[in-house]
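Commentary on secondary and tertiary structure
Chain by chain, the residues:
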Amino acid sequence: MSEIKETKAQRVERLKREKNAWEHFDEIRAFARQGHNSIPPEWLGTYFRSWGVYTQGDGAGVVGGKNGEGKATPFFMVRIRIPNGLLSSHQARTIADLAERHARGVADITVRQNVQLHWVTIESLPEVLETLWRVGLTTTGACGDVARNITGCPLAGFDAHEYCDASPLALELNGQLGGNAEFYNLPRKFKTSITGCRSWCTYPEINDVGLTAVTRKRLHGEEVGFSLRVAGGLSTDPHLGVRLNAFVRWEQAVPVVRGVAELFRESEVLRQNRERARLKFLFLQHGWTAESFLAALQERLGFALDPAEPEELPSDIHRDHVGIHAQKQQGLSYIGANVLRGRITPEQVRTAANLSDRYADGHLRNTIMQNLLIVNVPNEHAHRVAGELTAIGLPVRASAFARGTVACTGSEFCKLALTETKGFARWLTEELDQRLPGFQEQLKLHITGCPNSCGQHWIADIGIEGKKIKQDGRMVDAYYFCVGGSVGEFGSIARPVGYRCAASDVPDAIDRLLREFNERRDSGENLRRFFARHSNEQIRGWLAGELVDPVERDAAPGPVPMGVEG
């Protein structure tokens, strides 16, 4: 009788049951002593991920391998978990030192406020982890089937218009979920956002659980609590979070998030297929509704949540925090620097840390738009700080294209990517700046190297998804266009328009599209509304420069083993 072979999902589930990798740092030490060849496949493919460590690709992306994953090199990506984007200057300098000594000077700010290092060897890994621990940072739970970094408004406590400073709750949730063995073995990744700001700059709609501040009237005055959304996520099956009929009081926020995580953990139906294992698939495939989810959550909590209160959805506004802006604290400002495509050098990090010590109080923030902030700067020093940041390549006044561009890791390091993205993002923004000088419309231009949407192209005004096409007899990088994505008041998933072109032709296509927008827009009309009132055929024609037949959006080249978005 032939032996029944494990499925990929069965193998991963077995490995997670057999070992909590967080309890085996001794094995990582042993690998470091014995070298890369001593690392068994189960560590390379599964256990390292819960440590925030991911094998690095060879630069060819997915096409260099098989079964939907490219070839790995003897180097690692190491993701540093930064709850709510909160960094001290000392922590920032430590990251800069590690990037310089162990990562060939490469560091990336991610779309979840983390920082990623690349080129880390197994011999360096214990030192990297222990150095981070000494300054209060960790990589634990930054990847893998665990509770990922808790995102929050980087201006929590400083924003003059916020409902509340929710960062204490973000930090408490991080302490309860991050690195907690109770949440080591989840069906897949679990993402949480909690914010007290009015602009929802953390995009709670694309998290597994998103809490957004809201107020209600009580006899003693206004009470601040939270709206609750669940089951958001992008990847190959984008789904905006479902709002539940619940008002979550401040003291209920942590139990509620834990309760959602526990429901997810115990959903055995989600453990059967790695590609259908996120919380959103309870709604997409298994018949769950907002009502049934709320009932299950309240049963687990042991108490009922009050009915939801009306909420004010944020409209179309920049949420990147770039520029000089007044804080709620009189006489103080925050300085937001644009970090194009999230790539930042050790010297830039060090300089920002030194500026925060010299002119402020040593606090910095990461944003999900991959930018860096210095907070608590006295107004009289704000322009000096902005000038010094700009001088090192972190502009405080950036073009619309630089401000709006987000890029995933791409094939430079990622084994799942089809296209290179970081260098392409720099070239694309420079091209667009030259072609459309002075363009001021708020624009979200998101670049993702494959269908998994780590670059969040589904919620962009213009989202481009990496492909490969044959041109002059060879395979080249290409991009497929989606338009009209948004979050907030006009939340919607971007729609594919049926146009694809070589990466080298993308500036021409966007140039044509935006010139048509400038000429045809109604008074005061933004890109989202403009795209909404024009057909795919029209938009495709403008992108191509002529009427063309639609091209089908290709699916992922193979099954996705693990998403690596930040």
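Scroll up to find the structure this text is about.
These notes cover the structure that comes with them. Just so it is clear, the structure is predicted and the values come from calculations on it, not from any experiment. (Residues numbered from 1 in each chain as written. Predicted model: local features only at pLDDT ≥ 70, side-chain atom pairs only at ≥ 80, totals over all residues. Heavy atoms only, no water.)

**Let's talk about the overall build of the chain**
Summing up its helical and strand segments, the chain has 16 helices and 21 strands in all. Taken against the 2.2 N^0.38 rule, which gives 24 Å for 566 residues, the C-alpha radius of gyration of the chain at 23 Å falls within 12% of a compact globule. Each principal axis of the C-alpha distribution contributes one length, and for the chain these read about 70 × 70 × 50 Å. Residue burial in the chain is summarised as follows: out of 566 residues, 61% are buried. Here the contacts in the chain between residues at least 6 apart in sequence split such that 70% fall between residues at least 24 apart. (Helix = DSSP H or I, 4+ residues; strand = E, 2+ residues; numbered from the N terminus. Rg over C-alpha atoms; globule rule 2.2 N^0.38 Å. Buried < 20%, exposed > 50% of the residue type's maximum accessible area, 1.4 Å probe, protein only. Contact = heavy atoms within 4.5 Å.)

**Comments concerning the pattern of salt bridges**
Taken as a whole and assessed by the stated rule, the structure comprises 48 salt bridges. One salt bridge in this structure joins R101 and E127, with 2.3 Å as the shortest N-O distance. Taken together, the residues R101 in helix 4 (residues 89-102) and E127 in helix 5 (residues 125-134) connect sequence positions 26 residues apart. Under the relative-accessibility criterion, R101 is labelled partly exposed at 46%. Residues D508 and R435 are paired through a salt bridge, measuring 2.6 Å at the closest nitrogen-oxygen approach. Here D508 is found in helix 14 (residues 506-520), whereas its partner R435 is found in helix 13 (residues 422-435), with 73 residues between them in sequence. Among the residues examined, D508 registers a relative accessible area of 29% and is labelled partly exposed. (Salt bridge = Lys/Arg side-chain N within 4 Å of Asp/Glu carboxyl O.)

**Regarding the sheet that holds strand 20 (residues 474-483)**
An order of 17-18-19-20-21 is seen for the 5 strands of this open sheet, with the pairing classed as mixed. Two strands in the sheet have a free side with no partner beyond their single neighbour: strand 17 (405-407) and strand 21 (495-502). On average, adjacent strands in this sheet sit at an angle of 25° to one another, irrespective of strand direction. Two elements, strand 19 (residues 462-471) and strand 20, share 10 bridges in a ladder whose sense is antiparallel. Residue pairing in the sheet places K468 in a bridge with D477 of strand 20. (Pairing = 2+ DSSP bridges. Axes fitted to C-alpha atoms, helices over the stretch in contact; angles between N-to-C directions.)

**Remarks on unusual backbone geometry**
Positive phi, normally seen in glycine, also occurs at W200, with a value near 50°. Position of W200 relative to the elements: it lies in the loop between strand 7 (190-195) and strand 8 (209-218). Judged by its relative accessible area of 2%, W200 is buried. Even without being glycine, A231 reaches a positive phi, approximately 70°. Mapping A231 onto the fold places it in the loop between strand 9 (221-230) and strand 10 (242-243). Of the residues examined, A231 reaches a relative accessible area of 0% and is grouped as buried.

**Describing the sheet that holds strand 16 (residues 372-378)**
If you trace the 5 strands from one edge of the open sheet to the other, you get 3-15-16-13-12, paired in antiparallel fashion. Each of the sheet's edge strands pairs with one partner strand only, and the pair in question is strand 3 (86-88) and strand 12 (323-326). Adjacent strand axes in the sheet meet at a mean angle of 30°, parallel and antiparallel pairs treated alike. Each of strand 3 and strand 15 (363-366) is contacted by helix 4, which is oriented at about 85° to strand 3, the strand it contacts most. Set on the sheet, helix 10 (residues 346-359) makes contact with strand 15 and strand 16; between it and strand 16 the angle comes to about 15°.

**Notes on helix 4**
In this model helix 4 runs 20 Å from its N-terminal to its C-terminal C-alpha over 14 residues, within 8% of the 20 Å that 1.5 Å per residue would give. Those residues of helix 4 lying buried are S89, Q91, A92, T94, I95, A96, L98, A99 and H102. In the stretch just after helix 4, R104 is the one whose phi turns positive, near 55°. (Expected span 1.5 Å × (residues − 1).)

**Focus on the nonpolar core**
Within the largest apolar cluster, 56 residues are counted, with the highest numbers of intra-cluster contacts made by W43, F48, W51, I95, L117, L125 and L389. Listed in part, the 43 residues of the second largest apolar core include A170, V209, L228 and L294. (Core = buried A, V, L, I, M, F, W, Y, C linked by side-chain atoms within 4.5 Å.)

**What to know about the packing of aromatic side chains**
Pairs of aromatic rings are described using the distance from one ring centre to the other and the angle between the two planes. Going through the model one piece at a time under the given rule, you end up with 23 aromatic pairs. For the pair F75 and W119, a centre-to-centre distance of 5.1 Å together with 75° between the ring planes defines the contact as edge-to-face. Of this pair, F75 sits in strand 2 (residues 72-80) while W119 sits in strand 5 (residues 115-120), and the two are 44 residues apart along the sequence. One aromatic cluster is present, formed by F401, F439, F517, F530, F531 and W542 through successive ring pairs. (Phe/Tyr/Trp six-rings, centres within 6.5 Å; stacked < 30°, edge-to-face > 60°.)

Note that all results are geometric; they support no functional claim without further evidence.
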